Amino acid sequence: MILYLVNRIGQALITLLLAVVVVFLGVRALPGDAATAMAGQEGTPETIDAIRELYGLDQPLPVQFVKYLGQLLQGDFGRSTSTGVPVNEVIARALPVTLELAVLAMLVAVAVGILLGVVAAVRQGKPAEWLVNAAALLGLSVPSFWLGLMAILLFSVILGWLPASGFVPFSEDPLGNLEHMIMPALILGMSMAAVVIRQTRAAMLESLGADYMRTAKAKGLNPREVVFGHGLRNSLISVVTIVGLQLGFLISGAVVTEQVFVIPGIGKLTLDAIFTRDYPMIQGVVLVVAAAYILINLLTDVVYSIIDPRIRVRGEAH
Amino acid sequence: MNVLEVADLGVTFATEDGPVVAVDRLDYEVREGEILAIVGESGCGKSVGVLSLLGLQPGNSTVSGRVSYRGEDLLTVSESRLRGLRGRDIAYIFQDPMTALNPLMTVGTQVAETLRKHLGMSKAAARERVVELLELVGIPAARERLGVYPHQLSGGMRQRVMIAMAIACDPKLLIADEPTTALDVTVQAGIIETLKELRDRLGMAIVIITHDMGVVADIADRVVVMYAGKAIESAPVVELFAHPTHPYTRGLLQAVPQRGQHATAHRLKGISGNVPVLRSTAVACSFADRCAFASDACRAVRPEPAPIAGAGHTVACLHPQTEPLLLQKGA
Ligand SMILES: Nc1ncnc2c1ncn2[C@@H]1O[C@H](COP(=O)(O)OP(=O)(O)OP(=O)(O)O)[C@@H](O)[C@H]1O
Ligand SMILES: [Mg+2]
């Protein structure tokens, strides 16, 4: 198990290094002078020179890269070219917001998705399955920005139950924070829930036909013990895969959701950075998002190996 | 005393191509403490026949007839009563231990589950009992094996775990559906030996389904030969081997590979054709089309099981064969 973990963490670090290389080369491959590009539209000759100096753009690439890496390791992502604030500070403020949104959305998606997926599989061919399938299709095919706007219309404008937009940090006002986050989290989790439903249903249908399910039934276990104790656990392997993959999409989904609900997270930050051509900010965001993807992947694999003993053994055999 | 009496058992599957009668008015009984072998070709309804006793048959099926377990009709009792009987009074061992065990649960947990369910044992007590059970079925270093997963065991060891699980609550009846078919020839004999020993020590009755006449000769007290969902001949094992009477039974025995021949090459050499798929309960002899002795009468009436000379020997055939069967001995 420990060997397996070390192995996987090593792989993750290499992937992260590759991401850094891509980001590093990406900016330098920009058409024209990188310093001019990085200075943004309002860049004065002085700022351009300052950037050239700062990033050592006149030096050979390997030297630049080592320097860049050194800065990253110290947590120095440079300064925003539009506001002058250090990028890492801006990201440090936005990241927890997006993380909260993503985690809430994931919880909703996993809880709802697994439950409905199991129902659809166990009630195959019955009305309950059709209802769940229809709900999943709806969740997949309706664009989330539209769903978000409709939800605002209903819950904020018509019913007045929830605030339409904005954000309050959890540390300042926990209840207010949840009030602001619940609707975006539901909307963001919706399409993921749909995917989890489908995956759970398919995996459960496969498990239900397995020999060990018959063994479980032959032992005298009741349907709940058979389905959840034996079937669901075997289905979770493929559900975890899909959740891991979908978490990646959650980050991109957050861009839209944060825009609709005016939430100051990474998504909103990214869009703003792109509109102002704030290259240091874009680089920072790309690196953080890439690191998040890699981390999610790593976690997915760890969860796998906890669920499935066979993976543990295979990983150690290498 | 009979532990189990099966009378007129019928199992029909509703499939997309219409009904399939897998078990067609099957009769047999199992006596206390005996080992009964059920033999027959693939697809003749052996598995469905035993799974349907406790409502474990797959798919969309209707079951009819009477299944009396110590006087209680299993086809009419409630689902919760069935759950109480499953694993406690009547336990199963399946063909492929690779897939019949849950791959994600340790061996110890899987065996303990039955004990905790039926006997309400504490975790610790169940653990101790599992060690005893694993030792009883011949698993060495039983205590160290509690925490291993099925994939870490050999096929033979896995099947022993299945057996431990099945005998955990001291069932009155153990049903083993081809317990050795998926295993290496070298470990088959060991499993059969273990089953025999367990019967002698625990006194349970065993129903063993097999294709292998060698296994039958080795372990069974009595034999039921099945064809197309029905029992066409039944007799004590010595009597059956000495006086096989139904043309199908004789074909099966002639098909047994002799010493030196490849085990599968000569299967069912004596019988050409396949088991028919029944769409409704048979009104004639289902074997007539493959039988060298069939007459018009065979195609007009269904032969019912009837006693013939020889203790406890019944056969369902209009043309029972009585000449001694010449088995060619190995070359
Ligand atoms: N789920 C199902 N749906 C429809 N028909 C089925 C189903 N399961 C079994 N059958 C049919 O029932 C018949 C008997 O099957 P069964 O599995 O009992 O045969 P068997 O004698 O155990 O064969 P084998 O030796 O191959 O295990 C077969 O003709 C099969 O097609
Ligand atoms: Mg079978």
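Keep in mind that this is a model prediction, so the values were computed, not measured.

## Quick word on a nonpolar patch on the surface
On the surface, a cluster of nonpolar side chains totalling about 1,100 Å² of accessible area is made up of Phe145(A), Trp146(A), Leu149(A), Met150(A), Leu153(A), Leu154(A), Val157(A), Ile158(A), Leu159(A), Trp161(A) and Val256(A). With 8 residues, helix H7 (residues 144–158) of chain A is the single largest residue contributor to the nonpolar patch.

## Considerations on the interface of chain A and chain B
Taken together, the contact between chain A and chain B spans 23 residues of the former and 25 residues of the latter. Buried area between chain A and chain B, summed over both chains or domains, comes out near 2,200 Å², and the portion from carbon and sulfur atoms is 58%. Here Glu225(A) makes a salt bridge to Lys117(B), at a shortest N to O gap of 2.9 Å. Taken together, the elements giving at least two residues each to the side of chain A that touches chain B come down to helix H9 (211–218), helix H10 (223–261) and helix H13 (309–317) of chain A. Ranked by the residues each element gives to the side of chain A that touches chain B, the list is headed by H10(A), at 7 residues.

## Some thoughts on the sheet that holds strand S5 (residues 72–73) of chain B
Residues and elements named next belong to chain B. A sheet is described by the order of its strands in space; here 4 strands give the open sequence S2-S1-S4-S5, paired in antiparallel fashion. Strands at the two margins of the open sheet, each flanked by one partner only, are strand S2 (18–31) and S5. Relative to S5, strand S4 (residues 61–69) runs antiparallel, the two being bridged by 2 bridges. Bridged to Ser68 within S5 is Asp73.

## Concerning the pattern of salt bridges
Residue and element names in this part refer to chain B. According to the stated counting rule, one finds 22 salt bridges over all chains in the structure shown. Between Glu128 and Arg143 there is a salt bridge, and its shortest N-O distance comes to 3.1 Å. With a gap of 15 residues between them, Glu128 in helix H5 (residues 123–136) and Arg143 in helix H6 (residues 142–145) connect regions that are remote in the sequence. For Arg143, a relative accessible area of 43% corresponds to the partly exposed category. A single network of salt bridges, built from pairs that share partners, joins Glu29, Arg31, Glu34 and Arg222.

## Concerning the packing of aromatic side chains
Under the defined criterion, the tally for this structure stands at 7 aromatic pairs over all chains. Measuring from ring centre to ring centre gives 5.6 Å for Phe24(A) and Tyr68(A), while their planes differ by 35°; the resulting arrangement is tilted. Taken together, the residues span a long stretch of sequence, with Phe24(A) in helix H1 (residues 2–28) and Tyr68(A) in helix H4 (residues 61–73) at a distance of 44 residues. Taking the relative accessible area as the measure of exposure, Tyr68(A) reaches 7% and is therefore buried. Both rings, one in Tyr227(B) and one in Phe287(B), keep their centres 5.0 Å apart while their planes meet at 80°; by these two values the pair is edge-to-face.

## Section: the side chain of Glu233(B)
Residue and element names in this part refer to chain B. Along the chain, Glu233 turns up in strand S10 (residues 230–236). Here Glu233 is buried and forms no salt bridge, its nearest opposite-charge partner Arg250 lying at an N-O distance of 7.8 Å. A polar atom in the side chain of Glu233 sits 3.0 Å from the backbone nitrogen of Thr245. Side-chain polar atoms of Glu233 contact the side chain of Thr249, separated by 2.6 Å. The residues contacting Glu233, other than those within four sequence positions of it, are Val223, Val224, Val225, Leu240, His243, Pro244, Thr245, His246, Thr249, His313, Thr314 and Val315.

## Some details on the site of ligand 1
All names here are of chain B. Taken together, the neighbourhood of ligand 1 is formed by 14 residues, with Ser42, Gly43, Lys46, Ser47 and Val48 sitting nearest. In this structure, Lys46 approaches ligand 1 through a side-chain N or O atom, which is 2.9 Å from an oxygen atom. Here an oxygen atom of ligand 1 sits 3.1 Å away from a polar atom, N or O, in the side chain of His211. Within the complex, the protein chains bury 68% of what would otherwise be the 630 Å² of accessible surface of ligand 1. Taken together, the elements giving at least two residues each to the shell around ligand 1 come down to strand S1 (2–15) and helix H1 (46–51). For the shell around ligand 1, the per-class residue count stands at 5 nonpolar, 6 polar and 3 charged.

## Focus on the sheet that holds strand S3 (residues 35–39) of chain B
Residues and elements named next belong to chain B. Pairing in this open sheet of 8 strands is mixed, and the strands run S6-S7-S8-S3-S9-S10-S12-S11 from one edge to the other. With partners counted over all chains shown, the strands left at the sheet margins are strand S6 (90–93) and strand S11 (306–307), one partner each. Sheet analysis places S3 next to strand S9 (residues 222–227), joined by 4 bridges and oriented parallel. By the bridge assignment, Ile38 is partnered in S9 with Val224. Packing against the sheet, helix H7 (residues 155–167) makes contact with S6 and strand S7 (173–177), and its axis sits at approximately 175° to S6. Its contacts with the sheet place helix H11 (residues 247–254) against S3, S9 and S10, and it is angled at close to 105° to S9.

Each value, and the rule that gives it
- Residues numbered from 1 in each chain as written.
- Chains lettered and ligands numbered in written order.
- Predicted model: local features only at pLDDT ≥ 70, side-chain atom pairs only at ≥ 80, totals over all residues.
- Heavy atoms only, no water.
- Patch = residues over 30% accessible without salt bridge, like charges linked within 9 Å, V, L, I, M, F, W, Y side chains within 5 Å.
- Areas by Shrake-Rupley, 256 points an atom, 1.4 Å probe, with all protein chains shown as cover.
- Salt bridge = Lys/Arg side-chain N within 4 Å of Asp/Glu carboxyl O.
- Helix = DSSP H or I, 4+ residues; strand = E, 2+ residues; numbered from the N terminus.
- Contact = heavy atoms within 4.5 Å.
- Buried area = accessible area lost by both parts, 1.4 Å probe.
- Pairing = 2+ DSSP bridges.
- Buried < 20%, exposed > 50% of the residue type's maximum accessible area, 1.4 Å probe, protein only.
- Phe/Tyr/Trp six-rings, centres within 6.5 Å; stacked < 30°, edge-to-face > 60°.
- Lys, Arg positive; Asp, Glu negative; His and termini not counted.
- Polar contact = N/O pair within 3.5 Å; in protein donor to acceptor, adjacent residues only side chain to side chain.
- Near = heavy atom within 4 Å.
- Nonpolar A, V, L, I, M, F, W, Y, C, P; charged D, E, K, R; others polar.
- Axes fitted to C-alpha atoms, helices over the stretch in contact; angles between N-to-C directions.

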